[in-house]
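# Structure at a glance
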Amino acid sequence: MLGTRVRKVVIAEDRKQEAFKLRQIVESGGYRTVQIFENGRDFLKWLEAHPDEADLVLLDIIMPTLDGYAAFAEMKQRWPDSPIRTIFVTIENSKPVAEALLKMGAAGIVNKPLDRDAVLTAIKQALT
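Here is what the cut-offs are and how they apply
- For every chain, the first residue of its written sequence is number 1, and the numbers climb from 1 along that sequence.
- Confidence filtering applies because this is a predicted model: local features only for residues at pLDDT of at least 70, side-chain atom pairs given and counted only at 80 or more, and all residues used for totals across whole chains, interfaces and linings.
- To obtain the side-chain values, all non-hydrogen atoms of the structure were included, while hydrogens and water were left out.
- Strands were regarded as paired on the criterion that DSSP finds at least two bridges between them.
- Put simply, DSSP marks the helices as runs of H or I at least four residues long and the strands as runs of E at least two long, and each gets a number from the N terminus on.
- Comment: axis = line fitted to C-alpha atoms, over the contacting stretch for helices; angle = value between 0 and 180 degrees taken between N-to-C directions.
- For every residue, the predictor assigns a confidence score, pLDDT, that lies between 0 and 100.
- Note on definitions: salt bridges are taken to be side-chain nitrogens of Lys or Arg within 4 Å of carboxyl oxygens of Asp or Glu.
- Note on exposure labels: buried denotes an accessible area under 20% of the residue type's maximum, exposed denotes more than 50%, and partly exposed covers the range between, all computed with a 1.4 Å probe on protein chains only.

Okay, the sheet that holds strand β2 (residues 32-37) next. Overall, parallel pairing links the five strands, which are arranged β2-β1-β3-β4-β5 in an open sheet. Strands at the two margins of the open sheet, each flanked by one partner only, are β2 and β5 (108-111). Across the sheet, the axes of successive neighbouring strands diverge by a mean angle of 20 degrees, strand direction being ignored. Here four bridges tie strand β4 (residues 85-90) to β5, and the two strands are oriented parallel to one another. Residue pairing for β5: Thr90 is matched across the bridge by Asn111.

With 97% of its residues at a pLDDT of 70 or more, the protein chain has an overall mean of 92. Strand β1 (residues 8-12) holds the highest mean pLDDT among the elements of the protein chain, 98, whereas helix α4 (residues 95-104) holds the lowest, 87.

Before going further, it helps to spend a moment on unusual backbone geometry. With an omega of 0 degrees, the peptide bond between Lys112 and Pro113 qualifies as cis. Note on placement: Pro113 falls in the loop between β5 and α5 (116-126). Positive phi, close to 70 degrees, is recorded for Thr65, a residue that is not glycine.

Scanning all chains against the criterion turns up eleven salt bridges. Where Arg78 meets Glu74, a salt bridge forms, and the shortest distance between an N and an O atom there is 3.1 Å. Taken as a pair, Arg78 and Glu74 lie in helix α3 (residues 68-78) at a separation of four residues, close to a single helical turn. Under the relative-accessibility criterion, Glu74 is labelled buried at 18%. Taken together, the shared-partner salt bridges connect Arg41, Glu48, Glu74 and Arg78 into one network.

This is the structure:
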């Protein structure tokens, strides 16, 4: 992979064990974890200060302070041309929720419990 830029991922997941597992999966796939946040508000503050430091965010839907839905909506409103792709990570696997998220511009959805192959496939699809 000489000359290939390592793609950078941000994780927004309030459960430490899930965040740790996501980081392991991301890095096992050859991607770099740039930052991990426990809520959407902290992620948005970081994004404002570092708009070009990530290629993708793995965004949990259910988080304290600011959930994934609200963080994604605010991200789309504040930075409509941001190249950062978003994959939602959720226990909510209903078809209407998935369709709504994809219609809003999500690059993908990964269901919990986390499956390494599913996460890496979603990341690869989102970044190509």
